[in-house]
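The residues making up each chain are set out below.
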Amino acid sequence: MAPLRSLETEYPIIDSNFQNFCASHGIFSVEDFVLHDLYELAAFAEQEPTSERLKEGITRVLAIIDNQHQPCLNGMELLEDAMKNKHVLSTGFEGVDLLLQGGLREGLLTELVGPSSSGKTQFCLQTAANVAVKHAGRVVYFDTGNSFSPQRIAHFVGKISGSAFYQAKDKVLQKAMSNIVYHSVFDIFTMFDVLCQLEFELRSQMGRGRYLVQLIIIDAISSLITPVLGGGSQGRALMISAGFLLKKLADEYNVAVLVINHTVGGEGGISKPALGESWKSVPHVRLLLSHKHGSNICNISILKHPSMASGKAAKFVIYEA
Amino acid sequence: MTAKGWIDGDETAGDMLSRLLTEQLPFLLLPPLHRLPLRVGNVVELVGPSASAKTQILMQAAISCILPKEWKDVHYGGLGRLVMFIDLDCRFDVLRFSQMLKHRIMEANGLSNEVQWDEKVGDLKKSRSKRKPSISCDEELFALCMRRFLYVRCYDSFEFLATLKTLHCRLQQESEAHGIRFYFLMIDSIGAFHWVDRACRPLPVRFNNRKSLSLRCLSETVVQEIRNLLLVHPMVVIASKAIITVDKNSANEVKWKFGKWFAPDTSYSDNIKSNTEHFKYHEYMPSVWQTFVTHRIVVQPTGSEFFILENVSIVRIKSSQSIYRNGYCHHSNLWTNLLWEMLVSLLYLDVLPWLI
């Protein structure tokens, strides 16, 4: 946070006299200002010989603080933004799209939970392929276990485009593949690094109309978070921060975020989503995936959704190559 | 002030009572909670684990607040006041909110749940109702209500504090623009940044009087700011708080301590553990926040797929007599096939007699 000293060039009202006055009350930065009771400070300023100028300075800093938080919107503005900018991205699975009223919604953080080999990665690959072809949007794919398969994506793309002509198919494939940006990450810090870069890119794009990234996939976020959990609050802090960063990206740049979570054995041998109770309040939507051994039919059910009852379920098929 | 004036006091108890009775507004929480005697200036904490409908309760209360009492000869029973919603969880779904508001408006117009609302065409598909309200009127009311709802989201404690610091001017502007005052300040949820702030260990400060960005100091400032705000804008503060239960009883064997319903209030401690025997959780908010809270509502969903059991405990603290009741209701195969909005409307219609 900016020290008051650095604000002087931009705002001449914050001069050395004002800085000294603030320093005498233990205020050196804008952050200190936020922690301080400003009514009290104004009362102290009253006693100073240059009270008018000091109070003007306080108002100025308050105006700076006012720009530090997200804009305050009324319900109509919010709704307009949601209608105009938050589109629904089809996953390409008919059953899932029906269940979720169209698919993954931009602005939301969707979590997909499932045991090992329940089709989580296949779900991600299919969704990535579908968004890249049908919505022509950029997909940022975080892979934590080298499970990403470009061949499989190509296969899905071929199925989606469905064109008989070789050349047309090739063109679609070229375009779709270049729309998917792949990142191999093995620890949470690399993920933060890439996400922050992405945020910077998106912010610089902002003036130029449409933001290109439509979907962020993290397969699997639990393998990044689990190693830092346990032993003190640092791990949990990282987990919650990651959640806030993803939700911020999702809302501000109209991106749908899909994260994958594993399951762990709970009480009585019933498996439950990993990452514990504190994670529960992070995602908007939680979906549970299960898969019967030996068939390619997957079962997906809603664990949590802002506007749907939990427990609703649907079936979908993952086709073999 | 002269000594005489000081002894005389401000008003008699009778005056005060009549003043309070006229000031008291109908409280707008869902039916089991509407009996909670709340007044402007109270700070209510809505406590419950994840997925216990905390945000739903807030949204319902907000809708009741922004709806007018009457509009074009239709009774809506609302309060016609403004709501400020501070979203710390960043999970507020405006589509859901607008859906619920439309549902309430249609309900008041005597339209049943099954009527399909088609926004694009702007007419009602197949309405069985005798009374057909004009749609333009509804849209107008809808827009009016939505504008009475103010929303801001925060991604960290600093943004939250910056929001609170500058909220006064914003509330003033909005009040003047609408010509009505705020009734609710909602915070969802107050403990959202707990883990991040707890892990943040600020460097030792070089100056004695400089405040550090510690968890305690942040909470103190939050409380102080809300307190300052309440002086200028008398409102009811409702803050939801997600908690981690340490409930040993699983959903299948919930024990009800009926004998404890009107148990005398034991001295209030920082830990709620002793108060509600079947519902235990770790209190993690600093004591400065806890002492700021005047009412605490505990919501807890305890239901397997075929057994719905909602328990609402109201623990009113800081008073010699504790209001502490439990209510429960069994509804087999209700939960599973039910959409959330239907459940919420059932709750609204007081079908579930939670409080006995």
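Above this text you will find the structure in question.
Residues numbered from 1 in each chain as written. Chains lettered and ligands numbered in written order. Predicted model: local features only at pLDDT ≥ 70, side-chain atom pairs only at ≥ 80, totals over all residues. Heavy atoms only, no water.

Peer 1: Go over the overall build of chain B, please, and point to the residues and values.
Peer 2: A count of helices and strands for chain B gives 10 helices and 11 strands. A sequence separation of at least 24 residues applies to 70% of the contacts in chain B between residues at least 6 apart. Here chain B has roughly 16900 Å² of accessible surface; of this, 54% comes from carbon and sulfur atoms. (Helix = DSSP H or I, 4+ residues; strand = E, 2+ residues; numbered from the N terminus. Contact = heavy atoms within 4.5 Å. Areas by Shrake-Rupley, 256 points an atom, 1.4 Å probe, with all protein chains shown as cover.)

Peer 1: Could you give an account of the environment of F142 of chain B, naming the residues involved and the relevant values?
Peer 2: For F142 of chain B, the position within the fold is in helix α5 (residues 135-147). Distance from F142 of chain B to I63 of chain B, taken between C-alpha atoms, is 11 Å for residues 79 residues apart in sequence. Apart from the residues within four sequence positions on either side, F142 of chain B is in contact with M76 and L79 of chain A together with S98, L101, K102 and I105 of chain B.

Peer 1: Report on helix α6 (residues 157-178) of chain B, specifying residues and quantitative values.
Peer 2: Residues and elements named next belong to chain B. With 22 residues, α6 extends 30 Å between its outermost C-alpha atoms, agreeing within 8% with the 32 Å of an ideal straight helix rising 1.5 Å per residue. The largest bend in α6 amounts to roughly 50° and is located at L167. Capping the start of α6, D156 holds a side-chain oxygen 3.1 Å from the backbone nitrogen of F158, two or three residues further along. In the segment just after α6, G179 is the residue with positive phi, at about 75°. (Expected span 1.5 Å × (residues − 1). Bend = angle between axes of the 7 residues up to and from the residue. Polar contact = N/O pair within 3.5 Å; in protein donor to acceptor, adjacent residues only side chain to side chain.)

Peer 1: Please give an account of the nonpolar core that cites residues and values.
Peer 2: If you look at the biggest cluster of nonpolar residues, it comprises 94 residues, and the most contacted ones within it are F33 and I216 of chain A together with M84, I86, F160, I226 and W289 of chain B. Those residues within four positions of W289 of chain B in sequence are excluded, and the remaining contacts are V43, E45, I190, V223, I226 and A239 of chain B. Judged by nonpolar contacts, the second largest core, of 40 residues, contains L78 of chain A together with L46, L79 and F149 of chain B. (Core = buried A, V, L, I, M, F, W, Y, C linked by side-chain atoms within 4.5 Å. Buried < 20%, exposed > 50% of the residue type's maximum accessible area, 1.4 Å probe, protein only.)

Peer 1: An account of the packing of helix α8 (residues 120-134) of chain A against helix α9 (residues 150-161) of chain A is requested, with residue identities and associated values reported.
Peer 2: All names here are of chain A. In the contact formed by α8 and α9, the axes pass within 9 Å of each other and the chain directions differ by 50°. As far as their axial angle goes, α9 and α8 are oblique. With respect to the hand of their crossing, α8 and α9 are arranged in right-handed fashion. Residues Q122, L125, Q126, A128, A129, N130, V133 and K134 of α8 lie in contact with α9, whose contacting residues are R152, I153, F156, V157 and I160. Class assignment of the residues belonging to the contact of α8 with α9 gives a composition of 8 nonpolar, 3 polar and 2 charged. (Axes fitted to C-alpha atoms, helices over the stretch in contact; angles between N-to-C directions. Parallel < 35°, antiparallel > 145°, perpendicular 65-115°, else oblique. Left-handed = near helix turned anticlockwise from the far one by under 90°. Nonpolar A, V, L, I, M, F, W, Y, C, P; charged D, E, K, R; others polar.)

Peer 1: Give me the lowdown on the sheet that holds strand β5 (residues 138-143) of chain A, citing residues and values where you can.
Peer 2: All names here are of chain A. As summarised here, the arrangement of the 8 strands in space is β6-β5-β7-β8-β4-β11-β12-β13, forming an open sheet in which the pairing is mixed. Edge positions in the sheet fall to β6 (180-184) and β13 (313-317), since each of these pairs with one other strand and no more. Taken over all neighbouring pairs, the strand axes of this sheet differ in orientation by 20° on average, direction set aside. Bridge analysis of strand β4 (residues 109-113) against strand β8 (residues 256-261) gives 5 bridges, and the strand direction is parallel. Bridge pairing links L109 to V257 in β8. Where α8 meets the sheet, it contacts β4, β5, β6, β7 (213-219), β8, β11 (285-291), β12 (297-304) and β13, and its direction lies at approximately 165° from that of β7. (Pairing = 2+ DSSP bridges.)

Peer 1: Lay out the pairing of β5 of chain A with the relevant residues and their values.
Peer 2: Residue and element names in this part refer to chain A. Counting buried residues in β5 gives 5 out of 6 residues, a clear majority hidden from the surface. Pairing geometry for β5 and β7, over 6 bridges, is parallel. Its bridge partner lying in β7, V140 is registered against I216. In this sheet, β6 lies alongside β5 in parallel orientation, the contact comprising 5 bridges. Opposite V140, over in β6, you have V181 as the bridge partner.

Peer 1: Give me the interface of chain B and chain A: which residues, what numbers.
Peer 2: Contacts between the two partners involve 60 residues from chain B and, on the opposite side, 58 residues from chain A. Summed over both partners, the interface of chain B with chain A buries about 5200 Å², with 63% contributed by carbon and sulfur atoms. Inspection of the region where chain B meets chain A yields 2 salt bridges. Two residues, D251 of chain A and R153 of chain B, come together in a salt bridge whose shortest N-O distance is 3.5 Å. By residue number, the principal contributor to the side of chain B that touches chain A is α6 of chain B, which donates 9 residues. The residue inventory of the side of chain B that touches chain A, partitioned by class, reads 33 nonpolar, 12 polar and 15 charged. Pairing between strand β1 (residues 73-74) of chain A and strand β7 (residues 149-153) of chain B: 2 bridges, direction antiparallel. What sits directly across from N74 of chain A, in β7 of chain B, is L150 of chain B. (Buried area = accessible area lost by both parts, 1.4 Å probe. Salt bridge = Lys/Arg side-chain N within 4 Å of Asp/Glu carboxyl O.)

Peer 1: Tell me about the side chain of T144 of chain A, and name the residues and values.
Peer 2: Residues and elements named next belong to chain A. By the secondary structure assignment, T144 is in the loop between β5 and α9. For T144, a relative accessible area of 12% puts it in the buried group. For T144, the side chain forms a polar contact with the main-chain nitrogen of A220, separated by 3.0 Å. A distance of 2.9 Å separates the side chain of T144 from the side chain of S223, its partner in a polar contact.

Peer 1: Explain the packing of aromatic side chains to me, and be specific about the residues and the numbers.
Peer 2: Two descriptors summarise a pair of aromatic rings, namely the distance from one centre to the other and the angle between the planes of the rings. If you walk through the whole model with that rule in mind, you get 16 aromatic pairs over all chains. Both rings, one in F244 of chain A and one in F193 of chain B, keep their centres 5.2 Å apart while their planes meet at 45°; by these two values the pair is tilted. With F244 of chain A in helix α13 (residues 234-252) and F193 of chain B in the loop between β8 (182-188) and α7 (194-199), the pair connects residues from two separate chains. A residue is classified by how much of its surface remains accessible, and F244 of chain A, at 7% relative accessible area, is buried. Accessibility expressed as a relative area gives 4% for F193 of chain B, which makes it buried. Between F85 of chain B and F149 of chain B the ring centres are 5.7 Å apart and the planes differ by 45°, which places this aromatic pair in the tilted class. Taken together, the residues span a long stretch of sequence, with F85 of chain B in strand β4 (residues 82-87) and F149 of chain B in strand β7 at a distance of 64 residues. (Phe/Tyr/Trp six-rings, centres within 6.5 Å; stacked < 30°, edge-to-face > 60°.)

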